[in-house]
Every structure is written in structure tokens, then in C-alpha cells.
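Residue-level structure breakdown
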Amino acid sequence: MQENFDVVVVGAGFAGMYAIHRFRKLGLTIKVLEAGSDVGGTWYWNRYPGARCDVASLEYSFGFSKELEQEWEWPEVFSSQPDILRYANHVADRFELRRDIQFNTRVVEMKYVESNNLWQIKSESGELFQSRFCVMATGCLSVPNTPLLSGADNFEGEIFHTGRWPKEPVNLSGKRVGIIGTGSSGVQAIPELAKQSEHLTVFQRTPVYTVPANRKKMNPAVQQEFRDHYEQIRALQQNSRAGVSGYRPGKNAHAAVGAVGADQSNQIRELSHSERKAMIDQYGLGILLSFGDVSSDLEANEIANELFREAIEEMIDDSNVARKLMPKNYGLGCKRQVLDRDYYATFNRPDVTLVDLIETPLQHIQSAGIQTVDDFYPLDVLIYATGFDAMTGALMRSNIVGRSGRKLKHKWSDGPVAYLGLQMHGFPNLFTVTGPGSPSVLCNMLVAIEQHVDWIADCIAYIRDNKLRTIEPTAEAENHWVEHVNEVSVGTMFRAPTCNSWYLGANIEGKPRIFMPYVGGYERYRKQCERIASEGYDGFMLA
Ligand code: N01
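Residues numbered from 1 in each chain as written. Predicted model: local features only at pLDDT ≥ 70, side-chain atom pairs only at ≥ 80, totals over all residues. Heavy atoms only, no water.

Let us now look at the overall build of the protein. Secondary structure summary: the protein contains 16 helices and 20 strands in total. Taking 2.2 N^0.38 as the reference for a compact globule, 543 residues should give roughly 24 Å; the C-alpha atoms of the protein span a radius of gyration of 24 Å, in line with that estimate. Each of the three principal axes of the protein carries a C-alpha extent, and together these read 70 × 55 × 45 Å. For the protein, buried positions account for 56% of its 543 residues. Residue pairs at least 24 apart in sequence account for 70% of intrachain contacts in the protein once pairs closer than 6 positions are excluded. (Helix = DSSP H or I, 4+ residues; strand = E, 2+ residues; numbered from the N terminus. Rg over C-alpha atoms; globule rule 2.2 N^0.38 Å. Buried < 20%, exposed > 50% of the residue type's maximum accessible area, 1.4 Å probe, protein only. Contact = heavy atoms within 4.5 Å.)

Here you go:
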């Protein structure tokens, strides 16, 4: 049996959830297919201890409903995963979203049928769905990367991935826990795991630059101030580089968001060593990221890196451990900035061991632990905090077949090619939310999601109202956009010669090295999308 809809949406994270609300207003029939058992996307899957958002709660929220803005209470300035998931559930309840979602349904194939201009979607259990439009709301960081380590199948203890943490509580007390990976997930989990386990061994390949997160409880006066000014705040977000307003309430409610003390016009090169240290003492290590030259000039960047290493030396009791924790071969700003709570202090605990996998590589995983070239580490639990096949992973795994039997996998074999990160030539009526080539992960995701879903909804309405059947970008427009995305990233720290990050696909073996998100800024991007739509969808073929 095959069910028919106007739109099938894949994924019930924040993008899929907002899509239901927005598409209902157009009177469209919708089906959202979600692999998980409930809403929340990334916040549904990433339940590991310590998981938390790095965008301030009052900014990381939907702007489409004034009532929602007024009624929701955020307990902390930067929200923990349980609070964000609670918000997602509240939104689902309040707007009765679940009636259009089919949970526990993984999409395994999507095929465009040219004879009737419809998409056929197949689930893992063989169910078939058909729709005129498809919206991939599959998230940028939704496919966990589990590296193939020698002997991994031998391990007889419990195994977890931070990106697939179980819903049921995980009891680590009295257990010897090992964690591989020190990116954002590992850095957040490590201090909590150290508290919960008998002994924690951290297997680190690349040391991280991490700065303390703001850990304040929400001040009710600040929350009220935001509620009173949300219209202004949303406008500021729309005209910002990263979808963040930076709004700071008045004197009595200051420091609601972000770090203060320097701006991009400040140059680290112009300060003496003692002036630089004084600024770190006053504002914390995060200040290093605020100097304009640190993100644009390799020598200035290295000054900041060296200051960072000095700070690590001061924070860590054992100089050998401090040395291992110091990032050396890449600079600040190359990767997504990591925020932590007590990360460095955790390595001063007697029940935490740091293993440097570059100095002493992992040889083999055995039934009872990990063997490196110089030691054996007995473990009851092994945790992978090894990241994701980012931005393209979920799309590539959906086995998408477009016009003339062309597979997305083949189209993207040398890297993602898409127009505005919204559509691909050869795949009519298929849209991606925060796809490669859009600001996505460099932006407040909630802002990026709302902008994309609104754009897609307006586009579908345009097609319907003009009695058209299909839309897809021209190959030319798509190629120009890819060139532009590439051009604007040149000269940024993201593409420094020493930089290897998931933004570049460098964390996945064999993945083409392409800088995937759009670094030109959210406001500039949004204006381009608006211009293109207002000019009758410039660069798109409509039929
Ligand atoms: O993943 P990562 P993540 N052997 O790819 C290591 C968002 N996020 O899940 O660098 C040994 O950054 C790898 O080492 P190396 C945020 O956007 C946000 O931590 O490849 N180690 C690295 O240390 C973030 O950027 C929040 O040498 C191996 C780690 O695993 C993104 O998600 C919180 C290995 C992976 O780090 C991804 O973060 C959490 C191997 N074979 C996540 N393979 C917040 O909002 C990989 N590693 C705060």
C-alpha cells in the first residue's frame, strides 16, 4: 500500500517540526518520517552526560510564535540537553505536531518518478509513501561516526556513542570507563563521566582548545527583558552574521549572553605579552577569539595559541599531562569553538588518566580493554565521542535517486553541489533544510531552520499558485553558488593549511575535502535567498 501526501518531510528535529506548522498553514497534506521514537532530532539522540547548547537559550528558540516566546521559561543561560528536549516536546504538544509524524520510521530510499513528477519514499520496513515535494530535515550532525578500530568487535563491556546515547539511565558507578574523542561532545562528557565512574581513561588523538561556558542560572529579569523586546531581538538576529542578536539587557541584567571585553577591531599583535595576559585574567580565555587578527592572520593566531598553551600549563598540576593537552599543530578558529565546564580541572583528578594516541597509538581493542603500544587499559565501558559524518552524511545515506536515475551519491562523489544549500540540479521538488552551501552550522540553527522552512513554504505556494509542477536549480546557478561558497571561505582560519575539521569533511576517511557551510554570513545569505525568490526564482527552472 502506498500513502500519498503533498509533502513528505524526513526528520522530526526542529526543522521537521517547524515544517509541519508552516506547511499546515498552506493547507498541504504532510507526513513526517522520523527514525527516532519522538521529536527533538539532535537533542533526542545526544543525551550523553553534560550535553549542552553553545548558543544562549534566549536566542536558541523559535521566533514564529509570540505566545511561545512569552510562555516558555529557560532555567539556564545556556541550556542543557534535557531542557532543550523539554522545549521540543512542549512545542510538539502545543502545536499538536505529532499527529503528522510517523516515528520509528527510517527512510532508506527516495526515488523521483518522472512520468508523474512525484517522489516515492521507502522506509526500512518496506512502507511506501508518495509526494509531490520532499523536504530533507535530516540535520547536519545526525549520522554518528564510529571509526573502525582494530579488534573493536572483541570488546565485551558496554559500548556507547555520544550521538546515540540511550534513553534509559546508564549506570557508570564502580565502572572503569574509557572515552575516545575530545571534540565538543567528549569535552562536555568527560567531566561528568569522571564524576560518575570509578576511573575514567581519556583516549585523545587531537588536543582541543576549549574555553569555559557560561554556567549561570537564568535571571528572571533578563528573561522578562527578552520577552519584552523579542520583536527587536528577532530583527537583530535576521541582520546578523550568525543569527545571534547579541542583545544585552540594561544595567541590572547585564551579561545575559556571550563574552564581553574585546571586539573584532582589537588586534592581539598590538598588545604586549603582559597586556594580553591581563585581558585573559579579566575576561577568560574566550577573549582570545574576539581579536580580529586572531581569525585572519596566521602569526597573530599563533600568538593566541601560545597564550592558550601557557594557560593550560598553569591549570594542570602534572606537567606531562599539561604537555599532552596542549594543541600544537593547528590554530584557534580552525574548528567549531568548544565550550566546557571544568574540562582542564578534570585532568587534575587522581581517578582520570589521559592517553595520547599520537605518542602511544592504539594497537588493538581487546575483550577487556584497550591495548596501546605501551600499556593495557582495562575497561568495563567504552564510549565513542568520535563525531559525525557531518552535513552530507544523512543525505548520502538516504539513497536519493533523481531525474534519469541519477544518484545523489554519484552527483556528490567529489563533494556536495547544491544551490543555496536548498536544492540540487537533477532532483526536482526536493529541498534540503540547512544543506551544504548554506550558513547552517555557522549560524544559530533555529534561525537558519526557520528561514529555510519559510523560504521552502513560500516556494511551494508559488508553484501551486502559478499552476506549475516542478522547481529545480539550473546546473549553471548551482555551480556559481558552489564557487561563491568556496571563494568566501578562502583566507579564513577554517581553511588554514594545518586545519582538519568536520566542516571540511576531514574527519571521515575518503570524504572529499571541501569546506561545506556558507561562511559569508547569515544576513548576506538571507538577502540573496529573498532576492532570488522575488525575481521569480532566479537560477531555478520552473515547469
Ligand atoms: O565530534 P568532533 P563531536 N581515533 O568531530 C576523535 C556539535 N556539538 O561530536 O580531531 C581516535 O568534533 C577526533 O580526533 P581528531 C559541534 O558543532 C555541539 O565532539 O579527528 N580519535 C575528535 O577528538 C561540534 O563541533 C555541542 O584527531 C578519534 C573527536 O573524536 C560537533 O557537534 C556539543 C578517531 C571527534 O570530535 C561535533 O562534535 C557537542 C579515531 N579513529 C557537539 N576518530 C554544543 O553545542 C575521531 N576521533 C556545545
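Picking up after the structure, the text goes on.
Our next topic: the site of the ligand. Taken together, the neighbourhood of the ligand is formed by 24 residues, with Ser-184, Ser-185, Arg-205, Thr-206 and Trp-502 sitting nearest. In this structure, Ser-184 approaches the ligand through a main-chain N or O atom, which is 2.9 Å from an oxygen atom. Contact distances for the ligand include 2.6 Å between an oxygen atom and a side-chain N or O atom of Ser-185. Considering the ligand on its own, with 920 Å² of exposed area, one finds that the protein chains cover 86% of that surface. (Near = heavy atom within 4 Å. Polar contact = N/O pair within 3.5 Å; in protein donor to acceptor, adjacent residues only side chain to side chain. Areas by Shrake-Rupley, 256 points an atom, 1.4 Å probe, with all protein chains shown as cover.)

This brings us to the sheet that holds strand 7 (residues 158–161). One open sheet accounts for 5 strands, arranged 7-16-8-9-12; its pairing is parallel. Across the chains shown, the open sheet's two edge strands, defined by having one partner strand only, are strand 7 and strand 12 (352–356). For this sheet the average axis-to-axis angle between neighbouring strands, irrespective of direction, equals 20°. Note that strand 8 (residues 176–180) and strand 16 (residues 381–384) share 4 bridges and pair parallel. Of the residues in strand 16, the one forming a bridge with Ile-180 is Tyr-384. (Pairing = 2+ DSSP bridges. Axes fitted to C-alpha atoms, helices over the stretch in contact; angles between N-to-C directions.)

The next subject is the sheet that holds strand 15 (residues 376–378). Pairing is antiparallel in the open sheet, where 3 strands are placed in the order 13-14-15. Each edge of the open sheet carries a strand with a single partner, namely strand 13 (362–366) and strand 15. Sheet twist, expressed as the average angle between the axes of neighbouring strands with direction ignored, equals 15°. Pairing between strand 13 and strand 14 (residues 369–372): 4 bridges, direction antiparallel. Across the sheet, Leu-362 pairs through a bridge with Thr-372, a residue of strand 14.

This next bit is on the state of the cysteines. Enumeration according to the criterion identifies 1 disulfide in this entry. Shown here is the disulfide that connects Cys-334 with Cys-499, its sulfur atoms set 2.0 Å apart. Because the sign of the S-S torsion sets the handedness, a value of about 85° for the bond joining Cys-334 and Cys-499 places this disulfide among the right-handed ones. Residue Cys-334 is located in the loop between helix 10 (319–325) and strand 11 (338–340), and its partner Cys-499 is located in the loop between helix 15 (475–489) and helix 16 (522–534); the two are separated by 165 residues in the primary sequence. In this structure, Cys-334 and Cys-499 share a single accessibility class: buried. (Disulfide = S-S within 2.5 Å.)

Here we come to the pattern of salt bridges. Using the criterion set out here, one finds 35 salt bridges in the structure. Among the ionic pairs, Glu-69 bridges to Arg-234, the shortest N-O distance being 2.7 Å. Pair noted here: Glu-69 is in helix 3 (residues 66–71) and Arg-234 is in helix 7 (residues 230–238), with a separation of 165 residues, a long-range link. Comparing Glu-69 with Arg-234 shows no difference in burial state: the two are buried. (Salt bridge = Lys/Arg side-chain N within 4 Å of Asp/Glu carboxyl O.)

Taking 1.5 Å as the rise per residue, helix 14 (residues 445–465) with 21 residues should run 30 Å; its terminal C-alpha atoms sit 30 Å apart, in good agreement. One or two residues past the end of helix 14 sits Lys-467, with phi positive at roughly 55°. (Expected span 1.5 Å × (residues − 1).)

The geometry of helix 1 (residues 14–25) relative to helix 14 is characterised by a closest axis approach of 9 Å and an angle of 35° between their N-to-C directions. In this structure, helix 1 meets helix 14 at a crossing whose hand is right-handed. Counting all contacts with helix 1, which are made through Phe-14, Ala-15, Tyr-18, Ala-19, Arg-22 and Phe-23, the residues of helix 14 involved are Leu-446, Ile-449, Glu-450, Val-453, Asp-454, Ile-456, Ala-457, Asp-458 and Ile-460. Of the residues belonging to the contact of helix 1 with helix 14, the class tally is 11 nonpolar, no polar and 4 charged. (Left-handed = near helix turned anticlockwise from the far one by under 90°. Nonpolar A, V, L, I, M, F, W, Y, C, P; charged D, E, K, R; others polar.)

With that settled, consider the environment of Tyr-18. Here Tyr-18 is to be found in helix 1. Residues Tyr-18 and Ile-449 lie 431 residues apart in sequence; the distance between their C-alpha atoms is 8.1 Å. Not counting chain neighbours up to four residues away, the residues in contact with Tyr-18 comprise Phe-62, Phe-64, Glu-450, Val-453 and Asp-454.

A separate point is unusual backbone geometry. The phi angle at Asn-399 is positive, at roughly 45°, despite the residue not being glycine. With respect to the helices, strands and loops of the structure, Asn-399 is situated in the loop between helix 12 (393–397) and strand 17 (400–401). For Asn-399, a relative accessible area of 32% gives the class partly exposed. Not every positive phi belongs to a glycine, and Tyr-537 is a case in point at roughly 65°. Looking at where Tyr-537 falls in the secondary structure, it is placed in the loop between helix 16 and strand 20 (540–542).

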